Amino acid sequence: MFNKISRSLALATVLLSSSFVSTPTLAHFQMVYTPDLVRDRGGLINLKMPFTHPADSGHVMTVETPEQFYMIKKGKKTDLLADVKPSKWSSADNQGDSYEADVKLRGLGDYVFVMQMAPYMEASEDIYIQQITKTIVNVGGLPTDWNEELGLAAEIVPLTKPYAIFAGGTFTGVVKSHGKAVPFAEIEVEYVNYQPDMKNNRFSDQSNIDLPADLFVTMTIFADANGTFTFGIPAAGHWGFAALGVGADTEYNGKELSQDAVIWVQAHEVTPSQNSQPSK
Ligand SMILES: [Cu+2]
């Protein structure tokens, strides 16, 4: 039954039937974040993994140790779960338990990071949420693995390089479950509106952009009949896409489970060259 109704609709119903109606849809995003998805060279990078509402104050939700964390490079899988360390993450709103990892990148190519969080009990919806997150870092401008399908239980396979997008450009992806496209999948899109502070493990108190209405906190779109979607990216920064409840597992601890596919992309400002002449 859960798959038949959208999660935001289910949440709206819960909110309407309870006494607090002021909060709009709260979209959850498991981040695997590093400031630059494009790097000139390899070396040590720090990946932060708060579970948050990234466009809405960056509220942090405490989650258990991730079930999986690994990277794929030139088709080769390296398990990184042992490198995951617990840490705290703060926002203007609160502080929660989070995770992070230091990972050494060796050589040119794409590094596809995959994190499967432990199921999280979302009390307001009375369901468990488990997200499988992909973040792709490119080193040296050599594309290798970014568009590989990994056959995950819930996965967004990019058709656009997630690390090479201009603000004003687009991102296209296909929602899949174990390699099979998910037609008309519901996808939530959010902007990382509170700049992550890598040193102090917190989101900025100040938002990057003003949102014209609550509807712009979480932008809900749907994939087409082939599971494909395109989103126009209006501003530079990090954007998250979460395809809801597309995974095969639908139950955990006797409760409904929503297995979501998450992918992060980064858009870059279009900056005129210093010596550019306006064309006539
Ligand atoms: Cu939440």
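What you are looking at is a predicted structure, and each value in this text was computed from that prediction instead of being measured.

Q: Mind showing me how you'd approach the overall build of the protein chain here?
A: The number of helices and strands found in the protein chain is 1 helix and 23 strands. Taking 19 Å as the expected radius of gyration for a compact globule of 280 residues, we find that the protein chain reaches 18 Å, a close match to that expectation. Within the protein chain, the fraction of its 280 residues that count as buried is 52%. Of the roughly 13000 Å² of accessible surface on the protein chain, a fraction of 51% belongs to carbon and sulfur atoms. Mean positive and mean negative side-chain charge positions of the protein chain (21 and 32 charges, respectively) differ by 10 Å.

Q: Which parts of the structure should I look at to understand the side chain of D110?
A: Position of D110 relative to the elements: it lies in strand β9 (residues 109–116). No salt bridge is formed by the buried D110, whose closest oppositely charged neighbour, K161, lies at an N-O distance of 7.9 Å. Within polar-contact distance, the side chain of D110 engages the backbone nitrogen of T144 at 2.7 Å. At a separation of 3.0 Å, a polar atom in the side chain of D110 contacts the main-chain amide nitrogen of W146.

Q: I'm lost on the nonpolar core in this one. Help?
A: As a rule of thumb, nonpolar side chains are buried together in soluble globular proteins. Membership of the largest hydrophobic core comes to 60 residues, with the highest contact counts inside it found for F69, F113, V175, W239 and F241. The biggest single contributor to this core is strand β11 (residues 127–139), with 6 residues. If you look at the next biggest cluster of nonpolar residues, it comprises 13 residues, including W89, V192, Y194 and L244.

Q: Which parts of the structure should I look at to understand the coordination of the copper ion?
A: Ideal values for angles at a metal depend on the geometry: 109.5 degrees with four tetrahedral donors, 90 or 180 degrees with six octahedral donors. Note on the copper ion: its protein donors are H28 (NE2), H53 (NE2) and M61 (SD). The metal-donor distances range over 2.3 to 2.5 Å. As a motif over one chain, the donors of the copper ion read H-x24-H-x7-M. Of this pair, H28 sits in the loop between α1 (7–17) and β1 (29–30) while M61 is found in the loop between β4 (51–52) and β5 (68–73), placing the two residues 33 residues apart along the sequence. The same class applies to H28 as to M61, namely buried.

Q: So what exactly am I meant to see when it comes to the pattern of salt bridges here?
A: Pairs may arise between side chains of opposite charge once their charged atoms sit close together. Counted under the stated rule, the structure contains 7 salt bridges. K255 is paired through a salt bridge with D126; the nearest N and O atoms lie 3.1 Å apart. Placement of K255 in strand β23 (residues 255–268) and of D126 in the loop between β10 (120–122) and β11 is noted, with a sequence separation of 129 residues between them. A residue is classified by how much of its surface remains accessible, and D126, at 43% relative accessible area, is partly exposed. Between R202 and D205 there is a salt bridge, with the nearest N and O atoms lying 2.7 Å from each other.

Q: Help me understand the side chain of H28 in this model?
A: Judged by relative accessible area, which is 1%, H28 ranks as buried. At a separation of 2.5 Å, a polar atom in the side chain of H28 contacts the side chain of E122.

Q: Would you mind showing me how to read the pairing of strand β7 (residues 85–90) here?
A: Looking down a regular strand, the side chains alternate between one sheet face and the other. Note: β7 against strand β8 (residues 95–105), 6 bridges, orientation antiparallel. Among the inter-strand pairings, S90 is bridged to a residue of β8, identified as Q95. Here β7 hands over to β8 after 4 residues, the two strands then running antiparallel side by side.

Q: Help me understand unusual backbone geometry in this model?
A: Both trends apply: most residues other than glycine have a negative phi, and most peptide bonds are in trans. Of note, the phi angle at N201 is positive, near 50 degrees, even though the residue is not glycine. Residue placement: N201 occurs in the loop between β17 (194–197) and β18 (202–207). Residue N201 is classed as buried on the basis of its relative accessible area, which comes to 12%. In this model, N253 sits at a positive phi of 50 degrees, which is unusual for a non-glycine residue. Topologically, N253 is positioned in the loop between β22 (251–252) and β23.

Q: Sorry if this is basic, but what is going on with the environment of D97 here?
A: In this structure, D97 sits in strand β8. For D97, a relative accessible area of 29% translates into the label partly exposed. Placed 11 residues apart in sequence, D97 and P86 show a C-alpha to C-alpha distance of 7.0 Å. For D97, the residues in contact, after removing those within four places along its chain, are V60, M61, T62, V63, S87 and K88. Within the local environment of D97, its side chain forms a polar contact with the side chain of K88, the two groups lying 2.6 Å apart.

Rules used in this analysis
- Residues numbered from 1 in each chain as written.
- Predicted model: local features only at pLDDT ≥ 70, side-chain atom pairs only at ≥ 80, totals over all residues.
- Heavy atoms only, no water.
- Helix = DSSP H or I, 4+ residues; strand = E, 2+ residues; numbered from the N terminus.
- Rg over C-alpha atoms; globule rule 2.2 N^0.38 Å.
- Buried < 20%, exposed > 50% of the residue type's maximum accessible area, 1.4 Å probe, protein only.
- Areas by Shrake-Rupley, 256 points an atom, 1.4 Å probe, with all protein chains shown as cover.
- Lys, Arg positive; Asp, Glu negative; His and termini not counted.
- Charge placed at Lys NZ, Arg CZ, Asp CG, Glu CD.
- Salt bridge = Lys/Arg side-chain N within 4 Å of Asp/Glu carboxyl O.
- Polar contact = N/O pair within 3.5 Å; in protein donor to acceptor, adjacent residues only side chain to side chain.
- Core = buried A, V, L, I, M, F, W, Y, C linked by side-chain atoms within 4.5 Å.
- Donors = N, O, S within 2.8 Å, 3.2 Å for Na, K, Ca; no water.
- Pairing = 2+ DSSP bridges.
- Contact = heavy atoms within 4.5 Å.

From the geometry alone we can't say anything about function, so treat these as descriptive.
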